[in-house]
Amino acid sequence: EFIIMASDGLWDVIKSQEAVNFVRRQLYEHCTIERAAQELLAKAIEKGSSDNISVQIVCLNQQEGGSVALNSTSHTLKSRDKVGRKRTGPQCTTQ
C-alpha cells in the first residue's frame, strides 16, 4: 500500500499505527501523497514535536500484471522553520 519514512521528530509524538491510519485517511480524502505528507508533518507539530521533522511517503500501487508503480514525496521541517518545505531531488512517479 505505502511506506512512511520519517525522522524521530515525527515518531516521538505519533505512533506508527496512528501514522498509517492518518496517511490512509488522507490518501482516501485527498488522493495525493504530497498532501498526506504535509498533513502528517503538520500533525506532528500540532502534537508538540520540537525536533526536526522529515517525512517521506512512498506509495506502492499494484498494477495489472503484477508490476508496481512507485510514487513518492518528501517534506522536511526544521525546528526553527515555521512552514514545511518540499525537498527537491529524484522521485519515482506513476505513468
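Residues numbered from 1 in each chain as written. Predicted model: local features only at pLDDT ≥ 70, side-chain atom pairs only at ≥ 80, totals over all residues. Heavy atoms only, no water.

Turning to the pattern of salt bridges, a few remarks are in order. Counting across every chain of the model gives 4 salt bridges. Its salt-bridge partner being arginine 35, residue glutamate 39 comes within 3.3 Å of it at the nearest N-O pair. Of this pair, glutamate 39 and arginine 35 are both found in helix α3 (residues 33–46), 4 residues apart, which corresponds to roughly one turn of the helix. On the basis of relative accessibility, which here comes to 28%, the residue glutamate 39 falls in the partly exposed class. On the basis of relative accessibility, which here comes to 33%, the residue arginine 35 falls in the partly exposed class. One network of salt bridges, in which partners are shared, links Glu18, Lys43 and Lys47. (Salt bridge = Lys/Arg side-chain N within 4 Å of Asp/Glu carboxyl O. Helix = DSSP H or I, 4+ residues; strand = E, 2+ residues; numbered from the N terminus. Buried < 20%, exposed > 50% of the residue type's maximum accessible area, 1.4 Å probe, protein only.)

Take α3 next. With 14 residues, α3 should reach 20 Å at 1.5 Å per residue; the first-to-last C-alpha distance of 20 Å fits that figure. Here α3 has its buried residues at Ile33, Ala36, Ala37, Leu40, Leu41, Lys43 and Ala44. Around the axis of α3, the buried residues are gathered within 155° of arc, so they sit on the same side. Sitting at the amino-terminal end of α3 is threonine 32, which places a side-chain oxygen 3.4 Å from the backbone nitrogen of glutamate 34. Within two residues after α3, glycine 48 carries a phi angle of roughly 100°, on the positive side. (Expected span 1.5 Å × (residues − 1). Arc of directions from axis to C-beta. Polar contact = N/O pair within 3.5 Å; in protein donor to acceptor, adjacent residues only side chain to side chain.)

The quantities given are spatial measurements derived from coordinates; they are silent on function.
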